[in-house]
Amino acid sequence: MSSSNETINKQSVTMTLDQEKGVSSNSSSSSLALDWELDDEEKKHLKSYYRKSDLRITLFFCVGFMLDFMVRITISGAKIVGIVEKLNLNESDFNVALSLFYIGHMLFQIPSNIILKTTKPTLWMMFLLIGMGGVTMATAAVTGKTSLYICRIVLGIIEAGYPAGSLYFLYSWYPRSEVGKRIGYFYSFAAVSNVIEGPINAGLSKIKSNALQQWQWPFLIIGILPCVWGIIGLFMVRDYPQTASFLTLEERKVIHKVLSSQGNKTNQKGFSWKQARFALTNWSIWVCCIMGFAAQVLFNAGALFGPVLLKSMGFSTEMANGFNAIPNIFGFLSLVFSGWVVNMVGSTGITQAVCEAVAAIGFILCVATTQKAALIAGFCIFVIATAPGMALAPAWVSSNQAGTTKPVIASALISAVASFGGFTTSYIYRDQDAPRYILGHAVGIALCGVVIVTSLPLTWLLHRENRKRDSSNSDISHLNEQEIIDLCDRHPEFRYRI
């Protein structure tokens, strides 16, 4: 589509949406509940909108996250093919290299999302993809632990914004009842990366070359992929549905109606420090952050150390990489359908508690026995059962936001705190604990308990708040439009997803 036609379409939809704004922004009477009413024609346009946005937005960010996760765990594949020996590292040096990534990753997610909100979102996200690919390729040229540390720190800083920014994009494009499914799809591609990276590393380890050593090939080849995908994204992704040229005017109108009815104002310009402070002091977000942190530790036990754990059970290097793909395939499926399961169960908290209770059984098997079959069964159980938890806490946070700025800070906060889980995992699965890794598995059991005892009370508290709002008659007609927007999820008509 030509730029002139795109400009005309943007102006046309903006005029139409501005005409509706006088009705929707008088929010004391607008509903911020989970459901909305559409006629048959609008439902048809909304269905078409979902189809287009899934192909252009959700799919793009899902594949990008797969490449993102492949980039961050490439170092684990390089360990198996000799990076520790070739760079004269000890096990402590390698664990430091793993953890340095997560320090940068944790600290720079909120600043990155602030940049995302105050600049052109699409350009910023593509810069992050291309940047992480470039740093990964540069890692193939490191000569010792100092240069490896520098590459890992820079990779963490650049990569920090991609998961948080992707959550914000999905929130900006989908209503609250649908965003959880897309976040499930999004995180499921981390499991896809585990499925395909093992065979890729196994294949690359067979390359014989005088120019490069075996450990350098994964960094070089895998690093190219996000660079290419970032360039594709410049043509594939648009900032917000209200200005997307691949949507019809009717599709943009209906999604504007749906998002506005739920308090989603992310397409509006400007940054509200008031909403940012609200996000940083919101107790329910911090409870979800605790769950997200625990879930990331549990998921990374299999993602980062799966091949290492399998090798300690007696598998060869090639078999460890190959077999690791099997439970991750089922982990992928459990993530894909996690949003559907939540909608059927009617509760994110209950779904999460059940998943971690099953995962605890897997960790207990790994601690309680030395039989190879039982160890493999326990490994498969916890890899599969911990996978949905990676998506459920971020989806819970994203589906319970409103306003212009609070969603962008909330998505960055949950992603930042959860990312510290990868840092933690690198220290609880220590080489001196091989082959049983009692410490790591014991911490896994404890963290399953943490998720259960936080998710169930939060479910009850949010349900109680919804009932309280159902019975109240709060009047906010005296507030102006900006004050109403700044209420975010404190709006009396807002209802939480439990």
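Residues numbered from 1 in each chain as written. Predicted model: local features only at pLDDT ≥ 70, side-chain atom pairs only at ≥ 80, totals over all residues. Heavy atoms only, no water.

Colleague: Before we move on, can you summarise the nonpolar core with the specific residues and values?
Modeller: Core analysis: the largest hydrophobic core is formed by 133 residues, its most contacted members being Phe61, Trp173, Phe186 and Tyr187. If one sorts the elements of this core by residue count, helix 2 (residues 40-80) sits on top with 17 residues. Setting aside its immediate chain neighbours within four residues, Phe61 contacts Met125, Tyr162, Ser166, Phe169, Phe186 and Val237. (Core = buried A, V, L, I, M, F, W, Y, C linked by side-chain atoms within 4.5 Å. Buried < 20%, exposed > 50% of the residue type's maximum accessible area, 1.4 Å probe, protein only. Helix = DSSP H or I, 4+ residues; strand = E, 2+ residues; numbered from the N terminus. Contact = heavy atoms within 4.5 Å.)

Colleague: So what's going on with the packing of aromatic side chains? Which residues, and what values?
Modeller: Scanning the entire structure with this criterion turns up 25 aromatic pairs. Their ring planes at 80° and their centres at 5.2 Å tell us that Phe186 and Tyr187 sit as a pair that is edge-to-face. A relative accessible area of 0% means that Phe186 is categorised as buried. With a relative accessible area of 3%, Tyr187 lands in the buried category. (Phe/Tyr/Trp six-rings, centres within 6.5 Å; stacked < 30°, edge-to-face > 60°.)

Colleague: Residues and numbers for unusual backbone geometry, please.
Modeller: The residue after Ala434, namely Pro435, is reached through a cis peptide bond having omega 5°. If you trace the backbone, Pro435 turns up in the loop between helix 21 (406-428) and helix 22 (438-470). Within the chain, Cys488 stands out as a residue other than glycine whose phi angle is a positive 55°.

Colleague: I'd love a proper account of the packing of helix 2 against helix 7 (residues 145-159), names of residues and values included.
Modeller: In contact at an axis separation of 12 Å, helix 2 and helix 7 are set at 160° when each is read in the N-to-C sense. By the angle class used here, helix 2 and helix 7 are roughly antiparallel. Like other packed secondary-structure pairs, helix 2 and helix 7 cross with a definite hand, here left-handed. Across the interface between the two elements, Asp68, Val71, Arg72 and Ile75 of helix 2 pack against Leu148, Arg152, Leu155 and Glu159 of helix 7. (Axes fitted to C-alpha atoms, helices over the stretch in contact; angles between N-to-C directions. Parallel < 35°, antiparallel > 145°, perpendicular 65-115°, else oblique. Left-handed = near helix turned anticlockwise from the far one by under 90°.)

Colleague: Talk me through the side chain of Gln262; I want residue IDs and the actual numbers.
Modeller: Summarising the element assignment, Gln262 is placed in the loop between helix 11 (249-261) and helix 12 (273-280). A distance of 2.8 Å separates the side chain of Gln262 from the backbone nitrogen of Arg176, its partner in a polar contact. (Polar contact = N/O pair within 3.5 Å; in protein donor to acceptor, adjacent residues only side chain to side chain.)

Colleague: Outline the pattern of salt bridges, supporting the account with residue identities and numerical values.
Modeller: Evaluated as defined, the whole model comprises 15 salt bridges. The salt bridge involving Asp68 is made with Arg72; its shortest N-O contact spans 3.6 Å. Of the two residues, Asp68 and Arg72 both sit in helix 2, four residues apart, roughly one turn of that helix. Here the two residues Asp68 and Arg72 agree in accessibility, since each one is buried. Across the pair Asp239 and Lys120 runs a salt bridge, and its minimum N-O distance is 2.9 Å. In this pair, Asp239 is assigned in the loop between helix 10 (216-236) and helix 11 and Lys120 in the loop between helix 5 (109-118) and helix 6 (121-139), connecting sequence segments 119 residues apart. Relative accessible area serves as the criterion here: at 13%, Asp239 is assigned to the buried category. In the salt-bridge network here, residues are joined through shared partners; they are Asp54, Glu178, Lys181 and Arg182. (Salt bridge = Lys/Arg side-chain N within 4 Å of Asp/Glu carboxyl O.)

Colleague: Got a sec to walk through the packing of helix 13 (residues 283-303) against helix 20 (residues 389-398)? Specific residues and values, please.
Modeller: Contact geometry of helix 13 with helix 20 gives a least axis separation of 8 Å together with a crossing angle of 160°. By the angle class used here, helix 13 and helix 20 are roughly antiparallel. Handedness of the crossing formed by helix 13 with helix 20: left-handed. Contacts from Cys288, Met291, Gly292, Ala295, Gln296 and Phe299 of helix 13 reach helix 20 at Gly389, Met390, Ala393, Trp396 and Val397. Considering only residue class, the contact of helix 13 with helix 20 consists of eight nonpolar, three polar and no charged. (Nonpolar A, V, L, I, M, F, W, Y, C, P; charged D, E, K, R; others polar.)

Colleague: Can you explain helix 17 (residues 338-345)? Please cite residues and give values.
Modeller: Every buried residue of helix 17 is accounted for by Ser338, Gly339 and Val342. Looking straight down helix 17, one finds its buried side chains confined to an arc of 100°; they lie on one side. Looking at the residues trailing helix 17, positive phi occurs at Gly346, about 90°. (Arc of directions from axis to C-beta.)

Colleague: For the environment of Leu462, give the residues involved together with the corresponding values.
Modeller: Topologically, Leu462 is positioned in helix 22. You can call Leu462 buried: its relative accessible area is 5%. When the C-alpha positions of Leu462 and Gly144 are compared, they lie 51 Å apart, and in sequence the two are 318 residues distant. Contact partners of Leu462, with chain neighbours within four places excluded, come to Trp396, Asn400, Tyr496, Arg497 and Ile498.

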